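Working through the structure, step by step
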Amino acid sequence: MSIPRVTILSDLSSIGPNGATSDLIREHVNEGLEVVGLFLFYERFVAKEASFWDPWIQILPKELSNTIFFNEAEMMELQGSPLYDMTEHLQGQLLETWQRYCRLFVGDGPGQFPDEEFTLERYKWSLATSWARTFLVTLVPDDSNESGETNENKQATAFIPLADLLNYNTNDPCGGDMDETYEFFKVWSNSPLPADHQLFIEYGSKGNTELTLYYGFALENNPFNVIKLAYEINDTDEFFAQKLGLIKTLLSIEPYIANQSSSYFEVSLRQGEPNAESSTTVLPFIRIHAIKSEGEIEAAKEGVQTPLSLENETAAIQLLEEKCRTCLAHYPTSIEDDERLLSGSLSSKEFVAVMARLEEKRMYRFAAEQARGRLLAQMYPLSPGSS
């Protein structure tokens, strides 16, 4: 599939009367996704039917399922999930950015947006569409810019009509890039496909948290899922200073909150962990957290990728299991409740919320069960020859 460059809407495009809108936006905004989001806003809500891109804009989804569009009742579906706080934080950031853009881009001046058009919801739609539907490509502009500098080989953030309509799938996705003439964006399959077979693209190694926030969907059994486990180490701990030192030196983890009496850490648990003998971060961190003696401190200095002692490993596994079960208890619904809900009739936003929180719960449960299994194996080791 080949798509002419002339149809591409990128952060290098000329937008508005004599390019006044694109010049104004680029003067104040550097981030490519923000720039093309504002360009899309202009084309849909200001230029409207006169826009060159109007036929493509007409087929774009007008209702999106990203959590930033959740109302108060829909936000309740995220109770217990880290997505609740993340969504509120992102909604606050977008409100502040929109208010800043209102001061910069709304008015009667050259290239500005009409006041009645630039609403918060329309801005959010335009930006969320840029999050989910843009490509990073190398474009070669026809000529140099006003300063005489060329944009040759500059990476552009771009909407590429038709290519953006491909669905997401990590199994054998298509490739895509500008051709050697830079006049066409080409999409190709990496393996032979039968006629009428659907083409797919993929966005990289993204877990459900990122997909839900920025793309408006969540996947079952997503191999890139990550959940966060938060732990506090405070100065009532006899080995407070030594533990902080070991965590920084051996694991290169910094606390996300720290004061004289406490340090708070987040460690990532990935899909399927801890099913290996040593998890890259979680178990090493918890082994340090569970240290109770000078002997374990000395053992930790030699490395924490393997158990420090039977007592320390038992305590560490208990900490992991307790944390996972505590996280599970924060959700108002059970795994079984969510599985029943998914088999019923849900709105698109409800489906995204239920799928995202269900996958989180499954990960917490899996990690807790794995920890319990490791603990039992240590408490009741099999004797040689046992089965």
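Residues numbered from 1 in each chain as written. Predicted model: local features only at pLDDT ≥ 70, side-chain atom pairs only at ≥ 80, totals over all residues. Heavy atoms only, no water.

Re the sheet that holds strand β10 (residues 257–258)
The strand order across the open sheet built from three strands is β9-β11-β10, with neighbouring strands paired in antiparallel fashion. The two strands at the open ends of the sheet, each matched to only one other strand, are β9 (226–234) and β10. Here β10 pairs with strand β11 (residues 262–270) via two bridges, running antiparallel. Across the sheet, residue Ile 257 finds its bridge partner in β11, namely Tyr 264. Relative to β9, helix α9 (residues 282–289) is tilted by about 15°, and along the sheet it contacts β9 and β11. (Pairing = 2+ DSSP bridges. Helix = DSSP H or I, 4+ residues; strand = E, 2+ residues; numbered from the N terminus. Contact = heavy atoms within 4.5 Å. Axes fitted to C-alpha atoms, helices over the stretch in contact; angles between N-to-C directions.)

A few points about the pairing of strand β6 (residues 175–178)
Both faces of the sheet carry side chains from a regular strand, because those side chains alternate between them. Here four bridges tie β6 to strand β7 (residues 184–188), and the two strands are oriented antiparallel to one another. Bridge assignment links Met 178 to a residue of β7, and that residue is Phe 185.

Quick look at a nonpolar patch on the surface
Taken together, the side chains of Met 1, Ile 59, Leu 162 and Leu 165 make up a nonpolar region of the molecular surface, amounting to roughly 360 Å² of accessible area. By secondary structure assignment, the location of Leu 162 is in the loop between β4 (154–159) and β5 (167–168). (Patch = residues over 30% accessible without salt bridge, like charges linked within 9 Å, V, L, I, M, F, W, Y side chains within 5 Å. Areas by Shrake-Rupley, 256 points an atom, 1.4 Å probe, with all protein chains shown as cover. Salt bridge = Lys/Arg side-chain N within 4 Å of Asp/Glu carboxyl O.)

Considering the packing of helix α2 (residues 32–47) against helix α6 (residues 120–133)
For any two helices packed against each other, the geometry is given by the interaxial angle and the distance between the axes. Relative to each other, α2 and α6 sit at 125°, their axes nearing to 8 Å. In this view, α2 runs oblique relative to α6, as classed from their interaxial angle. Between α2 and α6 lies a crossing of right-handed hand. Two secondary-structure elements touch here, α2 through Leu 33, Glu 34, Val 36, Gly 37, Leu 38, Leu 40, Phe 41, Arg 44 and Phe 45 and α6 through Arg 122, Tyr 123, Trp 125, Ser 126, Leu 127, Thr 129, Ser 130 and Trp 131. Across the contact of α2 with α6, the residue classes break down as 10 nonpolar, four polar and three charged. (Parallel < 35°, antiparallel > 145°, perpendicular 65-115°, else oblique. Left-handed = near helix turned anticlockwise from the far one by under 90°. Nonpolar A, V, L, I, M, F, W, Y, C, P; charged D, E, K, R; others polar.)

A few points about the pairing of β7
Because side chains alternate across β7, one face comprises the buried residues Phe 185 and Val 187, and the other comprises Phe 184, Lys 186 and Trp 188, none of which is buried. Bridge count between strand β1 (residues 2–4) and β7: three bridges; the pairing is antiparallel. Bridge assignment links Ile 3 to a residue of β7, and that residue is Phe 185. The antiparallel pairing of β6 with β7 creates a hairpin that spans five residues between the two strands, and Tyr 182 there sits at a positive phi of about 60°. (Buried < 20%, exposed > 50% of the residue type's maximum accessible area, 1.4 Å probe, protein only.)

Considering the environment of Asn 259
If you trace the backbone, Asn 259 turns up in the loop between β10 and β11. When the C-alpha atoms of Asn 259 and Asp 235 are compared, they prove to be 10.0 Å apart, with 24 residues separating the residues in sequence. Here the side chain of Asn 259 touches Ser 261 through a polar contact of 2.9 Å, landing on its backbone nitrogen. Of note is the side chain of Asn 259, whose polar atom sits 2.7 Å from the backbone nitrogen of Ser 262. (Polar contact = N/O pair within 3.5 Å; in protein donor to acceptor, adjacent residues only side chain to side chain.)

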